There are 2 protein chains.
Amino acid sequence: MRTYVQRVGSWLCLLAGLMWSVAANADDGYRLWLKYDLIKDAGLRTAYASQAGFIQVTGRSGILASAAGELQAGLQGLLGKPVPVVSSGSKTGGIVLTVSQAVALPNAEGYQLTQQGGNVVISAKTEAGVLYGAFALLRHLQTRQPLRNLPQSSSPKVRYRMLNHWDNVNGTIERGYAGGTLWKWYELPETVDPRYRDYARANASLGINGSVLNNVNASARFMTAEYLQKVAAIANVFRAYGIRVYLSVYFPAPKVVGGLKTSDPLDPQVKAWWTDKVAEIYKLIPDFGGFLVKANSEGEPGPQDYGRTHADGANMLAEALGDHDGIVLWRSFVYKADPKGDRFKAAYEEFKPLDGQFHKKVIVQVKNGPIDFQVREPFSPLFGAMDRTPLAMEFQITQEYLGFATHSVFEAPLFKECLDSDTWQKGKGSTVAKVIDGSVGNYTLSAMAGVANTGSDRNWTGNPMGQANWYAFGRLTWDHTLASETLAREWVNMTLTTEPKAAQAITDMMLRSREIYVDYTNPLGLHHIMGYGIHYGPEPWLDRAPRPDWRHTYYHRADSIGVGFDRTASGSNALSQYKPEVQAQWNNPESCPLPYLLWFHHVAWTKKLPTGRTLWDEICTRYYTGADAVGWMQQQWAQAKPAIDPELYADVAGRLATQHREAIWWRDACVLYFQTFAKRPIPAPFRQPDRTLEDVKRLVDIYQMR
Amino acid sequence: MRTYVQRVGSWLCLLAGLMWSVAANADDGYRLWLKYDLIKDAGLRTAYASQAGFIQVTGRSGILASAAGELQAGLQGLLGKPVPVVSSGSKTGGIVLTVSQAVALPNAEGYQLTQQGGNVVISAKTEAGVLYGAFALLRHLQTRQPLRNLPQSSSPKVRYRMLNHWDNVNGTIERGYAGGTLWKWYELPETVDPRYRDYARANASLGINGSVLNNVNASARFMTAEYLQKVAAIANVFRAYGIRVYLSVYFPAPKVVGGLKTSDPLDPQVKAWWTDKVAEIYKLIPDFGGFLVKANSEGEPGPQDYGRTHADGANMLAEALGDHDGIVLWRSFVYKADPKGDRFKAAYEEFKPLDGQFHKKVIVQVKNGPIDFQVREPFSPLFGAMDRTPLAMEFQITQEYLGFATHSVFEAPLFKECLDSDTWQKGKGSTVAKVIDGSVGNYTLSAMAGVANTGSDRNWTGNPMGQANWYAFGRLTWDHTLASETLAREWVNMTLTTEPKAAQAITDMMLRSREIYVDYTNPLGLHHIMGYGIHYGPEPWLDRAPRPDWRHTYYHRADSIGVGFDRTASGSNALSQYKPEVQAQWNNPESCPLPYLLWFHHVAWTKKLPTGRTLWDEICTRYYTGADAVGWMQQQWAQAKPAIDPELYADVAGRLATQHREAIWWRDACVLYFQTFAKRPIPAPFRQPDRTLEDVKRLVDIYQMR
């Protein structure tokens, strides 16, 4: 529909009597990175085609059918010719899918791509492994790699690779910026949106194998027979792509749904209710994945309402799961409103004493940082502290604090920064990645979850560039050693362009984008100074809120001397929650890396930093150069224009223009506000903002008006 | 993406080695009724093509470009060959677009389609008229009518033909069931979604010429420079399709946005603020349409907060509009919480005394019925009562009380029932339609508004059948004399199929669907017995709510004697708000038409009705036959299967299955509940429901659980 309308634009062409031409559909982003457009290089096409004469499969399960179907569709698109699927034969020049226990792989879900007997063979111990191998082969072609680069072998480092959907039953998504929920609860189970399958395909192509469908602020509805039928209809679609469904639990469900007098996890009736509920669920959904729980957190009920611990609650659910192949993911995101405390320390204080008390089916799911998905956080101290408990990583893919769907921020560097941090839990090299993949603790349970950025918008993520964050997160759940640059380049090649110069320009833009965002919003370790009602614009001046730890002066502690939160022994001593080696990195303001400086230290405005500038001058420099750098991003994007679909180009170009305008808003708001404490001029060559602090406050107020 | 996945389904075909075939895209509903798919009948194509050799236009404004572009794209699709656009010439066999004051039309927006000098000529006094004519010509071809049926001439009966969007700034839509908002406020003004243009095209194709972009529960943001820039970006797109934008007003904007001490409409500073604001708006949006206001209603602020009247508020805004070509639509939807009163009477009581006091730029916008968009309402008494005030019709297209996006309910019969009702305002024949089109009162201001059912879902309306309601509403704003059957048939032909048997089956289903819905939810004039938290399921038992008129026992008044609301002189006497001739139709329970019976009378369960059944037996009969009739709808739909796109077919089939299940839920809930008063058995041949009242209450509770 939109295609020809676009073409109408040039009125002069119409007057000149030019013919109307029906162009190929504009790229609306729906296909994500699974585009399979024709490879333009005829030589490369021929080379690939010589190994793609047929697809041979033996067996007929749903997952193998998915693998064969995906290959068939992908090859037809990339090579421009149909590829038959055959059940047997002894021909050469094709692709053979085999499931065999004899394959030398460490892992049931891993795959091998080899060249054997004139064929490309995709082999794995399970059908899911073959599916992952099929997507790997397609990726190989989509990124234009030579076939001689086979063989490849790969196995996932993490067992439970999940998206968490904070989707509500009313169709909204908490922290969703791409339309409404994908899950059409009112229409289910009778109407099954074809989109569910494409969602599953996209996830499987990355290695994701689980989806928590509902918000952690959970509705009790999901524990009713009525809603479980709906959930089962989705699970039936996902199954053919190796995706298991999970549900967030509303802890008082036994009372609310079951009509019991209590939801006390130690009450025998409550236990029995959950055991029966689990049986009911597995009857409907034999491959149900398990439960995710937010309890006694931000007003959500939980076991503490009955004087029980998080472990009591989690273990009760784990026991209810019994012999079923399901797990409990229990979130550690808790904090009490204490004006004298430090929210940074809350999760550790509540969970460290429970270490070792959790049932073997429980994983404690920890947000990457100690506060709440800020633009940069030090890794959560729990990752170094829970010696006897498997921990899951919880990243946020949706850009709650990263400019919603407007700003382009590639998150792989953020994920990697955390994953590569060394906790020293069991000595040097105990990186966060190795803690959560189970290798430090020698656990078989390991999990990585990302709070999804998907929604009902046609292109799934609102900002087309947001697709890259879904992509990068998914690929990292499979292999956390992948470099940010690799992920960016793969995604760009598969999604936007394979033209080398354009791909390079975009990749460069993506790789710098997060640091640029940090600079114009929260440089040097500033955090939690965003708009109160809208985690989007700046509001560092916020000093009234229902809870002390929702006030922003609580975090930045600016005064006439300096700025930053002293978390050393002279302050909240949150640093003591880390291993001594980690403390040593951060506890000295002289040697603390600048990105973390104001996370741990209250630093004088006049303090000279290693950059040669005073703190005040450095803060200003970051805000100004950060905002300027968005202009550089716009230039990078413009360079790629000839190689990009015009509609997609215009979409991102528009968002970058907004981002530039808003980066200057952040800059002005923060330098003007902090200047009221620092009482120093904006350092040359930068200029005092044209507008006043009142001006930028008014703008913030607009975005928080009813 | 979904196309080939669908095809993978048949695993046996794959094993048989069948080739993969890239099918045409499945129909995702995005194109609405503007499909322009190739006409299969080659003879008809040739006949049409003989008159479509070129498109000739003189002039180059945006709207003419839209008309030419639409014709070009439409003809290319329908005829399968390109059609050039030329600026001049003397050839024959083409389509000529002309704007001329000499055209004999009563109306600036009307059009003529004639055959002159071997060409089809689309002529109008304005470019907008030509655009409407272009769409009419395309509709002519889409519905396969012979060219000899030209000439045609048509002019809109109503001047302001509008959609009202109850869309919130946070992206949600109040009473929206098709995803999030279409308006991407965070991305605007820099990113302009190509969808805005397709929205405008769809509306223009129906004759709609205005859109109120924001919820009547309005955000003050829209009166800020920041948001007006965003609104202007949308207006810039709409302009080329003759659509003007309007804004809902948050009455306290002078305080909230302007920083004034008051928003009193008689305060000189307030007046000045609005005058300045209007000037600011028109500078950005020269064709701005005006304001829609919900004031002193359901907690919204308004002029009464300052002791002023609705007229004071409306007139102040109208004066602020000054000489600008804009209007004020002031809503009459008001009611006070009075347990002894009758909400039915509230709008009349507040607005009738103001008749004649409104500024000439003000239209009072009245909901079709006196309560709130129920499945059936008598027309609002205001339509017969406001002799000296232009009134706008407000219909609800979105199915708030009609089963959300799950149930298929064609609303044209509901709209028509109201429009064709005789108010007797100025004697016989003063139908609601003639009141609102200005012919009864001889007003030049006339308006019809529909609360939109659009959202960000790919197919715009969630339920594909919901598109027909948008279509029917839009066409009725242009010509309220169109029959429901005409509208259904046009839409089916343009959207689903031109195959006669299938089209007939679907048309029949649509035409009966609303009466079926009434029967299984609110037969015989029952009203307002839906779920409290969710206007969806049944909850006739609701007798607790924050306001008396939000309780459902308030409306049905069931007791051991009978059921229904006595609104005659012996009861609330709401009937007295109608003209005597109307009262005479309804005030006698013996002669009151059954569809309105319980709207006006408390009737004994044992009362014998003209159907030969007692009230109780009749109620039961309606609930049971209504629910059964959804099974008939499913059969009708199944008959059409061979002629319908498979994906679209499956979507509606799934929804109908849900509708059937839920119709039985409504039936069981209502007969079981009313049985507790009537204390009578379910009459043969119907059977007592298998489940209990407690069972159905539990189900209702589930859908209202947090």
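Residues numbered from 1 in each chain as written. Chains lettered and ligands numbered in written order. Predicted model: local features only at pLDDT ≥ 70, side-chain atom pairs only at ≥ 80, totals over all residues. Heavy atoms only, no water.

### What to know about the overall build of chain A
When its secondary structure is counted, chain A shows 23 helices and 16 strands. A compact globule built from 706 residues would reach a C-alpha radius of gyration of about 27 Å, and chain A, at 26 Å, matches this within 12%. The proportion of buried residues among the 706 residues of chain A is 67%. For chain A, the proportion of contacts with a sequence separation of at least 24, taken over those separated by at least 6, is 72%. Only carbon and sulfur atoms are counted for the fraction: they give 52% of the accessible area of chain A, which is about 23,000 Å². On chain A, the mean spot of the 74 positive side-chain charges and the mean spot of the 68 negative ones are 3 Å from each other. (Helix = DSSP H or I, 4+ residues; strand = E, 2+ residues; numbered from the N terminus. Rg over C-alpha atoms; globule rule 2.2 N^0.38 Å. Buried < 20%, exposed > 50% of the residue type's maximum accessible area, 1.4 Å probe, protein only. Contact = heavy atoms within 4.5 Å. Areas by Shrake-Rupley, 256 points an atom, 1.4 Å probe, with all protein chains shown as cover. Lys, Arg positive; Asp, Glu negative; His and termini not counted. Charge placed at Lys NZ, Arg CZ, Asp CG, Glu CD.)

### Looking at the sheet that holds strand β6 (residues 152-154) of chain A
Residue and element names in this part refer to chain A. Reading across from one edge, β2-β1-β3-β5-β4-β6 is the order of the 6 strands in this open sheet, with mixed pairing throughout. The open sheet is flanked by β2 (85-86) and β6, the only strands paired with a single partner. With 5 bridges joining them, strand β3 (residues 95-99) and strand β5 (residues 119-124) adopt parallel strand pairing. Counterpart to T98 in the pairing with β5 is S123. Lying on the sheet, helix α4 (residues 62-79) is in contact with β1 (55-57), β2, β3 and β5; it crosses β3 at an angle near 165 degrees. (Pairing = 2+ DSSP bridges. Axes fitted to C-alpha atoms, helices over the stretch in contact; angles between N-to-C directions.)

### Details of the sheet that holds strand β9 (residues 244-249) of chain B
Residues and elements named next belong to chain B. With parallel pairing, the 8 strands of this closed barrel are ordered in space as β7-β8-β9-β10-β11-β12-β13-β14. Direction aside, neighbouring strands of the sheet carry axes that sit 25 degrees apart on average. Bridging between strand β10 (residues 290-293) and strand β11 (residues 327-331) involves 4 bridges; their strand directions are parallel. Following the sheet pairing, V293 is matched in β11 by W330.

### Brief notes about the interface of chain A and chain B
Taken residue by residue, the interface counts 87 residues in chain A and 87 residues in chain B. Each partner contributes to the roughly 7,100 Å² buried at the junction of chain A and chain B, and carbon and sulfur atoms together form 58% of this total. Inspection of the chain A/chain B interface yields 12 salt bridges. Residue K184(B) pairs with D457(A) through a salt bridge whose shortest N-O separation is 2.9 Å. Elements with a contribution of two residues or more to the side of chain A that touches chain B: α1 (2-8), α2 (11-15), α4, β2, α6 (195-206), α7 (225-238), α22 (646-678) and α23 (693-702) of chain A. A breakdown of the residues in the side of chain A that touches chain B according to their chemical character gives 43 nonpolar, 19 polar and 25 charged. (Buried area = accessible area lost by both parts, 1.4 Å probe. Salt bridge = Lys/Arg side-chain N within 4 Å of Asp/Glu carboxyl O. Nonpolar A, V, L, I, M, F, W, Y, C, P; charged D, E, K, R; others polar.)

### Structural notes on the state of the cysteines
Residues and elements named next belong to chain B. Under the criterion given, the structure shown has 0 disulfides over all chains. Free of any disulfide, C592 has its nearest cysteine sulfur in C418, 16 Å distant. Free of any disulfide, C670 has its nearest neighbouring cysteine sulfur in C620, separated by 11 Å. Given a relative accessible area of 0%, C670 falls into the buried group. (Disulfide = S-S within 2.5 Å.)

### Describing unusual backbone geometry
A cis geometry characterises the amide bond from A684(A) onward to P685(A), with omega recorded as 5 degrees. Positionally, P685(A) belongs in the loop between α22 and α23. Put simply, L188(B) and P189(B) share a cis peptide bond, and its omega is 0 degrees. With respect to the secondary-structure elements, P189(B) resides in the loop between β7 (160-164) and α6 (195-206). Backbone geometry at E298(A) places phi at a positive 50 degrees, although glycine is not the residue there. Even without being a glycine, W460(B) presents a positive backbone phi close to 75 degrees. Assignment of secondary structure puts W460(B) in the loop between β14 (447-451) and α15 (467-478).

### Digging into the packing of aromatic side chains
All names here are of chain B. Following the criterion strictly, the structure yields 104 aromatic pairs over all chains and no others. Taken together, a centroid distance of 6.2 Å and an interplanar angle of 50 degrees make the contact between Y536 and Y703 tilted. In this pair, Y536 is assigned in the loop between α17 (500-521) and α18 (553-556) and Y703 in the segment after α23 (693-702), connecting sequence segments 167 residues apart. The class of Y703 is buried, set by a relative accessible area of 2%. Look at Y578 and W586: their rings are 5.1 Å apart centre to centre, the planes differ by 90 degrees, and that puts the pair in the edge-to-face class. (Phe/Tyr/Trp six-rings, centres within 6.5 Å; stacked < 30°, edge-to-face > 60°.)

### Comments concerning the side chain of T497(B)
Looking at the element boundaries, T497(B) is found in the loop between α16 (484-495) and α17. Once you skip the residues sitting within four places of it in the chain, T497(B) turns out to touch V492(B), A502(B), A503(B), I506(B), A643(B) and I644(B).

### A look at the confidence of the model for chain A
Low-pLDDT stretches of the model should not have their predicted coordinates read in fine detail. Per-residue confidence for chain A averages 94 on the pLDDT scale, and 96% of its residues sit at or above 70. Here residues 1-24 of chain A is a poorly scored stretch, pLDDT under 50, and it has 61 contacts once near neighbours within four places are set aside; other chains count. (pLDDT = per-residue confidence, 0-100.)

### A look at the packing of helix α21 (residues 615-639) of chain B against helix α22 (residues 646-678) of chain B
The geometry of α21(B) relative to α22(B) is characterised by a closest axis approach of 9 Å and an angle of 170 degrees between their N-to-C directions. As summarised for this structure, α21(B) and α22(B) are arranged roughly antiparallel, according to the angle between their axes. (Parallel < 35°, antiparallel > 145°, perpendicular 65-115°, else oblique.)

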